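Residue-level structure breakdown
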Amino acid sequence: MLTKTRLKTKEILYELKENAKSIDSGNIIESDDILKIMETGFSKMEYFHVIETREAIEACIGEEQEEKSLACKKAYAEYSLYVTLIGYLDSKIARLRRLYEQLVKENSDYIAMLAGKVATACNFRRRVLNDYLGVFGYEEEDFLDANNFLESSVENIIFKALFDTENVYGNFSQLISMGHSNMQDLFLISGFIQAYLEGFKKADNFDIDSIIFFYHKRRKSYIKYKNKCEGDRDEVKSILQKQNKPLH
């Protein structure tokens, strides 16, 4: 009886969490503040883990569920953070490079400092992309050879587009012309383009070091939250295994 009560308590807890976080499940981030955009992106990913954990708990304790896929919710949560942020960084890097070229012509004393900022922004973009790849269990080395891409995988084409830092826009036409009739593929393609452009059009004066500091700090708390959700799922499975009989 105590075991069943513990399981039902976790189920109720995640129902409450889902209701509390559902405000972060919208489609558009109405902000020009990149820190706010990152905060909202991480919140969307936490929201996905809440839904995933609640549904896993319900499945474990035998609650009836309608058949549905979480793939689109997961993809959108990741786009809201990683793809939007990469689009923003591409825009920022382009602006920093234009400014650098101007300072070179003027033989300015700030050339070295600006070159350092460009390098820092490029390295951070690679870090964000690698974090995104890590969600799928990939590493950068898996995508360095174009022959490794499976043409049937929209996700792989999207990753390939993000690696081509000089021509991400040019890859949009390739994504659109793929002509996938599968609705989930169409969602992935349109969602990717929307998220990237949402980030690219943002223009602000945030220092790149401040952006990096916030990203790492917020990501640390996100990982802790994600691990807590996964731990709760493991606990529920463990309780059921020890009980060795279904709950009704």
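The shown structure was predicted, so the numbers you read here are calculated from the model rather than taken from an experiment.

On to the nonpolar core. One finds Leu85, Phe124 and Phe192 to be the most contacted residues of the largest nonpolar core, which totals 50 residues. Among the elements of the structure, helix 2 (34–60), helix 3 (71–106), helix 4 (111–135), helix 5 (154–163), helix 6 (170–176), helix 7 (183–200) and helix 8 (208–243) are those that each provide at least two residues to this core. When residues in this core are grouped by element, the largest group, 13 residues, is from helix 3. Look past the residues within four positions of Leu85 in its chain and what remains in contact with it is Ile34, Met38, Phe124, Val128 and Tyr215. Leu7, Ile61, Tyr225 and Leu240 belong to the second-largest nonpolar core, a separate cluster that totals 10 residues.

Another aspect to go through is the environment of Asp207. Mapped onto the fold, Asp207 is located in the loop between helix 7 and helix 8. Sequence spacing of Asp207 and Lys117 is 90 residues, and the spatial spacing of their C-alpha atoms is 8.9 Å. In terms of polar contacts, Asp207 uses its side chain to reach the backbone amide nitrogen of Asp209, at 3.0 Å.

Let us now look at the pattern of salt bridges. Counted according to the given criterion, the structure contains 18 salt bridges. Arg218 is the salt-bridge partner of Glu39, the closest N and O atoms lying 2.9 Å from each other. Of the two residues, Glu39 sits in helix 2 while Arg218 sits in helix 8, which places them 179 residues apart along the sequence. If you follow the salt bridges from partner to partner, you end up with Lys10, Lys228, Asp232 and Glu235 in one network.

We describe a pair of aromatic rings using the distance from one ring centre to the other and the angle between the two ring planes. Taken as a whole and judged by the stated rule, the model has 10 aromatic pairs. With centroids separated by 6.0 Å and ring planes inclined at 25°, the aromatic side chains of Tyr196 and Phe200 adopt a geometry described as stacked. In this pair, Tyr196 and Phe200 are both assigned in helix 7, 4 residues apart and thus about one turn of the helix distant. Pairwise contacts between aromatic rings join Phe42, Phe124, Tyr215 and Tyr222 into one cluster. When the ring centre of Tyr14 is taken as reference, the NZ or CZ atom of Lys17 above it lies at 4.5 Å. Over the ring of Phe136 we find Lys74; its NZ or CZ atom is 4.8 Å from the centre of that ring.

This part is about the confidence of the model for the protein chain. For the protein chain, the mean per-residue pLDDT works out to 82, and 83% of the residues sit at or above 70. The least confident element of the protein chain is helix 6, whose mean pLDDT is 73; the most confident is helix 4, at 92.

About the criteria used
- Here the residue index of a chain counts from 1 through its sequence in written order.
- Residues qualify for local features only when their pLDDT is at least 70, as the model is predicted, and side-chain atom pairs are given and counted only at 80 or more; totals for whole chains, interfaces and linings, by contrast, use all residues.
- Where side-chain values are given, they derive from all heavy atoms of the structure, hydrogens and water being excluded.
- By nonpolar core is meant a set of buried Ala, Val, Leu, Ile, Met, Phe, Trp, Tyr and Cys residues that side-chain atoms within 4.5 Å join together.
- Accessibility here uses a 1.4 Å probe with only protein chains present; expressed as a share of the type maximum, an area under 20% marks a residue as buried, one over 50% as exposed, and anything in between as partly exposed.
- In this text, helices come from DSSP runs of H or I with a minimum length of four residues, and strands from runs of E with a minimum of two, each type numbered from the N-terminal end.
- Whether two residues touch is decided by their heavy atoms; if any such pair falls within 4.5 Å, the residues are in contact.
- Polar contact criterion, stated in full: a pair of N or O atoms within 3.5 Å, where within protein one must be able to donate a hydrogen and the other to accept it, and residues adjacent in sequence count only if both atoms are side-chain atoms.
- Between Lys or Arg on one side and Asp or Glu on the other, a salt bridge is scored when a side-chain nitrogen of the former is within 4 Å of a carboxyl oxygen of the latter.
- Working definition: a ring pair exists when centres of Phe, Tyr or Trp rings (six-membered ring for Trp) sit within 6.5 Å. Plane angles under 30 degrees give stacked, over 60 give edge-to-face, the rest tilted.
- Our definition puts a charge over a ring when NZ of Lys or CZ of Arg is within 6 Å of the ring centre and also within 35 degrees of the ring normal.
- Scored between 0 and 100, pLDDT is the confidence that the predictor attaches to each residue.

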